[in-house]
Amino acid sequence: MAAGAALGGLAGVLLGLAAAGAALGVAVAALTWCVADAQALGRVTAWTRDPEGPPPVALAGPWDELAARVDRALRRARDETQAEARRRLQFVTAIDASPNGVLLLGGDGEIRWFNAMAAAHLGLDPARDSGQRLTHLVRVPAVVAYLKQPDPRPAAVVPAPDGRTQLQVQARPTGDGQTLLITQDVTERERADAMRRDFVANVSHEMRSPLTVLGGFVETLQTLPLVARERDHVLRLMQQQTARMQSLVTDLLTLAQIEGAPRPALDRWLPVGPWLQQMASDAQALDQGRHRLEVAEGDGAEIGGNATELHSAGWNLVSNALRHTPEGCTVRVRWRVRDDGRGELSVADDGPGIAREHLPRLTERFYRVDPSRSRETGGTGLGLAIVKHVVQRHGGELEVDSEPGRGTCFRILLPAHRVRVSVAEAVPAA
């Protein structure tokens, strides 16, 4: 500006026009200032179009202050936007990792958003199904009927589109015309509830039968004058029913104790030889010579675990074979250590065998291949369930092979780390 005034003054002197030179100097100075201001405005305007970089430098006067304030405001807004984006991403990530399915539906039932679990529950494709009506994609009548119900809608259990699982669905309006739909896989819970109901019903039935018999015999003893022979017969039958109830209660308590106990440690070892001898002695007392019983002597091995549970598992297999095999048949009890180090206890018979369709359900509580025959032989229907739980708690497997007319073989397989051969047997004395 000063340079413009000087230039104008010099021009005026040269022209001999002092007043005109001063005016010209002012005009040139104003023009120079306007040009500089316009350049500063241009730089500020260009920067505001792309404010990601630093503000322009060498700005004098108010433009420098304005650019600094705009820069601070933009940075603050950018930080708030990034923080909000991070919070939204965290929220969406948390919902996407939820074990429950979450869907956001619009006012017409169109899908606005859903997480991965909802896609798995309802068979949805994120790339294909967003924006589509849920009722057009999920054709399960129970799901469609639930979505058409007015609010408030209580939770309901419906079959999943895959036909194998059960889903609990619950819809909640969000207040802005949208609906939040939550899905949960309750297949295992429904199965457990059904098993619990069946278990209570079976226990009630098993207890009701002997109690009814006992009640009838008590009434007979109270109302009828029986001779000694008749009274002894009634008392003997009452004793049998009492023993049946005691066996049932004992098995129920054993099963409850096994299910609630921690996995057995490896600080106690059961010698296989005495274990087999004890089972042979108990089997002979129970059987009284009705079957041919072959029991191996063992190979000096020991099993790490709970001796009481292991004896219960082995004895249930042996007693089952004796009860369900016709007289004169052979029951064989064998122990061996396999080449992979696992221990195997097998109980085989040459009885009538079991049809293939029954094999997967043999370890279910109270499941009987022939209910009438099982009750006649005194079984509670819990023996194989106890065996299964004992074997699982020891990390092993229960196998069964059977065919009608060719007998049955149950095998308990125990992991190698629970089997060892005693030093006394492995190293002969000098």
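Residues numbered from 1 in each chain as written. Predicted model: local features only at pLDDT ≥ 70, side-chain atom pairs only at ≥ 80, totals over all residues. Heavy atoms only, no water.

This part takes up the sheet that holds strand β11 (residues 397-402). The pairing of strands in a sheet happens through backbone hydrogen bonds and is either parallel or antiparallel. Spatially, 5 strands are ordered β7-β9-β10-β12-β11 in an open sheet, and the strand pairing comes out mixed. Across the chains shown, the open sheet's two edge strands, defined by having one partner strand only, are β7 (292-295) and β11. Mean inter-strand twist for the sheet, computed between neighbouring axes without regard to direction, equals 10°. As paired strands, β7 and strand β9 (residues 330-337) are joined by 4 bridges and run parallel to one another. (Pairing = 2+ DSSP bridges. Helix = DSSP H or I, 4+ residues; strand = E, 2+ residues; numbered from the N terminus. Axes fitted to C-alpha atoms, helices over the stretch in contact; angles between N-to-C directions.)

Take unusual backbone geometry next. The omega angle of the peptide bond from D151 to P152 is -5°, so this bond is cis rather than trans. Within the secondary structure layout, P152 lies in the loop between α7 (141-147) and β3 (156-159). With a phi close to 55°, Q288 is a non-glycine residue in the positive phi region. Structurally, Q288 can be placed in the loop between α10 (272-287) and β7.

Attention now goes to helix α11 (residues 307-324). Its 18 residues give α11 an end-to-end C-alpha distance of 26 Å, which sits within 8% of 26 Å, the value for a rise of 1.5 Å per residue. Those residues of α11 that sit buried are E309, L310, S312, A313, G314, N316, L317, V318, S319, N320, A321 and L322. The N-capping residue of α11, defined by a side-chain oxygen 3.0 Å from the backbone nitrogen of T308, is N306. (Expected span 1.5 Å × (residues − 1). Buried < 20%, exposed > 50% of the residue type's maximum accessible area, 1.4 Å probe, protein only. Polar contact = N/O pair within 3.5 Å; in protein donor to acceptor, adjacent residues only side chain to side chain.)

Moving on, we get to the nonpolar core. In terms of nonpolar packing, the biggest core is built from 38 residues, with W275, W335, L345 and I412 touching the most fellow members. Contacts of L345, omitting those with residues within four sequence positions, involve W275, L276, M279, G314, V333, R334, W335, F410, R411 and I412. (Core = buried A, V, L, I, M, F, W, Y, C linked by side-chain atoms within 4.5 Å. Contact = heavy atoms within 4.5 Å.)

Per the counting criterion, the structure on display carries 0 aromatic pairs. One residue, R153, lies across the ring of Y146, its end atom 5.9 Å from the ring centre. Directly above the aromatic system of W269 lies the positively charged group of R420, at a separation of 4.1 Å from the ring centroid. (Phe/Tyr/Trp six-rings, centres within 6.5 Å; stacked < 30°, edge-to-face > 60°. Lys NZ or Arg CZ within 6 Å of the ring centre and 35° of its normal.)

With the rule as written, the count across this model stands at 17 salt bridges. E110 is the salt-bridge partner of R112, the closest N and O atoms lying 3.0 Å from each other. The class of R112 is partly exposed, set by a relative accessible area of 45%. Residue E110 is classed as buried on the basis of its relative accessible area of 15%. With a shortest N-O distance of 3.0 Å, R342 and D340 are connected by a salt bridge. Judged by its relative accessible area of 24%, R342 is partly exposed. Judged by its relative accessible area of 46%, D340 is partly exposed. Within the structure, one salt-bridge network assembled from shared partners comprises R336, R338 and E344. (Salt bridge = Lys/Arg side-chain N within 4 Å of Asp/Glu carboxyl O.)

On to the confidence of the model for the protein. In the predicted model, the protein carries a mean pLDDT of 81, and 81% of its residues have values of at least 70. The low-confidence segment residues 425-430 (pLDDT under 50) makes 2 contacts with residues lying over four places distant or belonging to another chain. (pLDDT = per-residue confidence, 0-100.)

This part is about the side chain of R338. Along the chain, the position of R338 falls in the loop between β9 and β10 (343-349). With near-sequence residues (within four places) excluded, R338 lies in contact with E344, E399, R411 and L413.

Attention now goes to the packing of α11 against helix α13 (residues 383-393). With their axes 9 Å apart at the nearest point, α11 and α13 run at an angle of 145° to one another. Crossing geometry of α11 relative to α13 is assigned as left-handed. Where α11 abuts α13, its residues E309, L310, S312, A313, N316, L317 and N320 lie against G383, L384, I386, V387, V390 and R393. In terms of residue class, the contact of α11 with α13 is built from 7 nonpolar, 4 polar and 2 charged. (Left-handed = near helix turned anticlockwise from the far one by under 90°. Nonpolar A, V, L, I, M, F, W, Y, C, P; charged D, E, K, R; others polar.)

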